[in-house]
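Analysis of the macromolecular model
Chain residues, written in single-letter form:
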Amino acid sequence: MALFRNAAARFLSIPQKASPLAAVTTKAQYSSESTDLREVMAQKVPIMQEKVKAFRKEYGSTKVGEITVDMMYGGMRGMKGLVTETSVLDPEEGIRFRGYSIPECQDVLPAAEGGTEPLPEGLFWLLCTGDVPTKAQVDTLSKEWANRADLPPHVVNMLNNFPSNLHPMAQFSAAITALNSESKFAKGYSEGVPKAKYWELCFEDSLDLISKLPTVAATIYRNLYRDGTSIGAIDPAKDWSANFTAMLGYDDPQFTELMRLYLTIHSDHEGGNVSAHATHLVGSALSDPYLSFAAGMNGLAGPLHGLANQEVLLWVTKLRAEIGDDVTEDQLKEFIWKTLKSGQVVPGYGHAVLRKTDPRYSCQREFALKHLPDDKLFKLVAKLYNVVPPILTELGKVQNPWPNVDAHSGVLLQYYGMMEMNYYTVLFGVSRALGVLSSLVWDRALGLPIERPKSMSTEGLQKLVGATAAQGA
């Protein structure tokens, strides 16, 4: 990795000839007052294309890191093999969206009138462009998403005819796949649109899909948990999150603020997680954004990924049933050790990359301290925060004993009355669209090819590393 950093540093210090690269050396030179996101993207795409082209020409053969046998068998952990422009996850620092930490995003991204939490529209603008948007730019995007939010009748009919025992995430994924009928990318590709236009059609599909996801998600919620009552009309004067919470049937302004925070912080976590990688992988085959995102949502539905927030609440519910709310730390320790000795894990703790408390956990904790400090479930989760990490450290088998985002989100949702744990991953999915679809647009803008890594058999790998016959027996 040091070699890559040194190479990048040398590249940036090379005097450039007349080239668009000279225009991308500072954030200030990226600035635009246009409130049209497509127009801003159209300015940036050719500049970034030239930057990547020049970098690959000069340093394309430079080696980045080393791959071990354990990495190949261990889920490719730590292998540097993807390019994702939108966010970077540092093991010690946490997520940065285009260079901005979560607290910095909370400070610089526009908020709703009378609110304090960042608007997800602002984060999407940041992820797409690298620029912090103005309030006018965010307001324009809010109106555009509201105007694109209606669903085609066949998708509404499909949603209304799903059986009640079909998991909300299965319904969510199926509806997204069916929205493929609206794909401008698929239509343009079938008509032979030039490759230079791929990103524009992908961008249009992404805006349409993000706009429609709250409508899909709210329809699922109303059908399953509110007797199929109408979601109501989209209000162009409201932001994306406010329309979403209204369609869900919630009118508490604090819940809307929570949803703005939730939809922002769950949006992106660089490119290696299952939902992001699946979206990128399927998109690399030039499947349209609807099909690509549906693949990502099928990955998010797994208990080791997005469904983990549900696993946390089930475990906490079991804890409360056995020992109650007003527990001592000794009682908690006993219950945690009982969980571990039974061969189970403590859900909500640990992360594949992070080696500290997840900043997404921390900002939700701050929200709880501000708005629901006396809630019994929050107090219990706060006690777990003090007790679990030392036990996992003592166990000696956990690289990261600290809480992740899933350890806290369910607590906040339950406080405001959303008790339906099966539904929580759908909220995660609505948010994750912001990150993976902005990244997909850049995949097409940079012309990234179909993903096709080389796989090996165990026998072939043994030969490659010089394992003896005895070792291979």
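Source: prediction; values computed, not measured.

A few words on the pairing of strand β1 (residues 87-90). By the alternation rule, side chains of β1 split into S87 and L89, which are all buried, and V88 and D90, of which none is buried. The turn linking β1 back onto strand β2 (residues 94-97) is made up of three residues.

Let us now look at the packing of helix α10 (residues 198-225) against helix α11 (residues 240-248). Look at α10 against α11: their axes get within 9 Å of each other, and the N-to-C directions meet at 20°. Judged by the angle between their axes, α10 and α11 are roughly parallel. Seen from above, α10 lies across α11 with right-handed handedness. Touching I210, S211, P214, T215, A217, A218, Y221 and R222 of α10 are W240, F244, A246, M247 and L248, all from α11. Among the residues making up the contact of α10 with α11, the classes are represented as ten nonpolar, two polar and one charged.

Time to look at the pattern of salt bridges. Charged atoms that come close allow side chains of opposite charge to pair. Applying the stated criterion across every chain yields a total of 19 salt bridges. Among the ionic pairs, R96 bridges to E93, the shortest N-O distance being 2.8 Å. By relative accessible area, which is 22% here, R96 ends up partly exposed. Across the pair K463 and E459 runs a salt bridge whose closest N-O atoms are separated by 3.8 Å. Highlighted residues: K463 and E459, both in helix α21 (residues 458-465), separated by four residues, approximately one helical turn. You'll find K463 and E459 in the same group, each marked exposed. Taken together, the salt bridges that share partners define one network made up of R38, E144, R148, K184, K197, E200, E204 and D208.

Before going further, it helps to examine the nonpolar core. In this structure, F172, F244, M418 and Y423 are the most contacted members of the largest nonpolar core, which totals 111 residues. Take this core: its biggest share by element is 14 residues, from α10. Apart from the residues within four sequence positions on either side, M418 is in contact with Y221, L248, Y250, F255, L413, Y423, Y424 and L427.

In the UniProt entry, the feature "active site" (unreviewed entry) is given for H305, H351 and D406. In three dimensions, the annotated residues from a span of 102 residues occupy one location, with a maximal C-alpha spread of 10.3 Å. The buried category is assigned to H305, whose relative accessible area is 14%. Setting aside residues no more than four positions away along its own chain, H305 makes contact with N273, V274, S275, G299, L300, D406 and R432. A polar side-chain atom of H305 sits 2.9 Å from a polar atom in the side chain of S275. Mapped onto the elements, H351 comes out in the loop between α16 (329-341) and α17 (359-371). Those residues in contact with H351 that sit more than four places away from it in its chain are L89, H269, R360 and N400.

For the rest of this paragraph, the subject is the environment of L380. Within the fold, L380 resides in helix α18 (residues 376-395). Its relative accessible area of 1% is what places L380 among the buried residues. Along the chain, L380 and V411 lie 31 residues apart, while their C-alpha atoms are 9.7 Å from each other. Discounting chain neighbours no more than four positions away, the residues touching L380 are V316, L319, R320, D325, V327 and L332.

Structurally, S275 can be placed in helix α13 (residues 274-284). A polar contact is formed between the side chain of S275 and the side chain of R432, at a distance of 3.0 Å.

Our focus in this paragraph is the pairing of β2. One ladder, built from four bridges, connects β1 with β2; its direction is antiparallel. In the strand pairing of β2, V88 is matched with R96. Where β2 and strand β3 (residues 100-101) come together, two bridges link them in antiparallel fashion. Opposite F97, over in β3, you have Y100 as the bridge partner.

Mapped onto the secondary structure, E451 falls in the loop between α20 (424-445) and α21. Put simply, E451 and G283 are 168 residues apart on the chain and 9.1 Å apart in space, counted from C-alpha to C-alpha. What E451 contacts, discounting residues up to four positions off in sequence, is L82, H277, H280, L281 and S284. Here the side chain of E451 touches H277 through a polar contact of 2.7 Å, side chain to side chain.

Now for the packing of aromatic side chains. Per the counting criterion, the structure on display carries 15 aromatic pairs. With a centroid separation of 5.9 Å and an interplanar angle of 55°, the aromatic rings of F255 and Y416 are classed as tilted. Of this pair, F255 sits in helix α12 (residues 253-265) while Y416 sits in the loop between α19 (406-415) and α20, and the two are 161 residues apart along the sequence. With a relative accessible area of 0%, F255 lands in the buried category. What links up through ring pairs into an aromatic cluster is the set Y221, Y225, Y250, F255, Y415, Y416 and Y423.

Rules behind the numbers
- Residues numbered from 1 in each chain as written.
- Predicted model: local features only at pLDDT ≥ 70, side-chain atom pairs only at ≥ 80, totals over all residues.
- Heavy atoms only, no water.
- Buried < 20%, exposed > 50% of the residue type's maximum accessible area, 1.4 Å probe, protein only.
- Helix = DSSP H or I, 4+ residues; strand = E, 2+ residues; numbered from the N terminus.
- Pairing = 2+ DSSP bridges.
- Axes fitted to C-alpha atoms, helices over the stretch in contact; angles between N-to-C directions.
- Parallel < 35°, antiparallel > 145°, perpendicular 65-115°, else oblique.
- Left-handed = near helix turned anticlockwise from the far one by under 90°.
- Contact = heavy atoms within 4.5 Å.
- Nonpolar A, V, L, I, M, F, W, Y, C, P; charged D, E, K, R; others polar.
- Salt bridge = Lys/Arg side-chain N within 4 Å of Asp/Glu carboxyl O.
- Core = buried A, V, L, I, M, F, W, Y, C linked by side-chain atoms within 4.5 Å.
- UniProt positions renumbered as here; feature names shortened; annotations may be inferred.
- Polar contact = N/O pair within 3.5 Å; in protein donor to acceptor, adjacent residues only side chain to side chain.
- Phe/Tyr/Trp six-rings, centres within 6.5 Å; stacked < 30°, edge-to-face > 60°.

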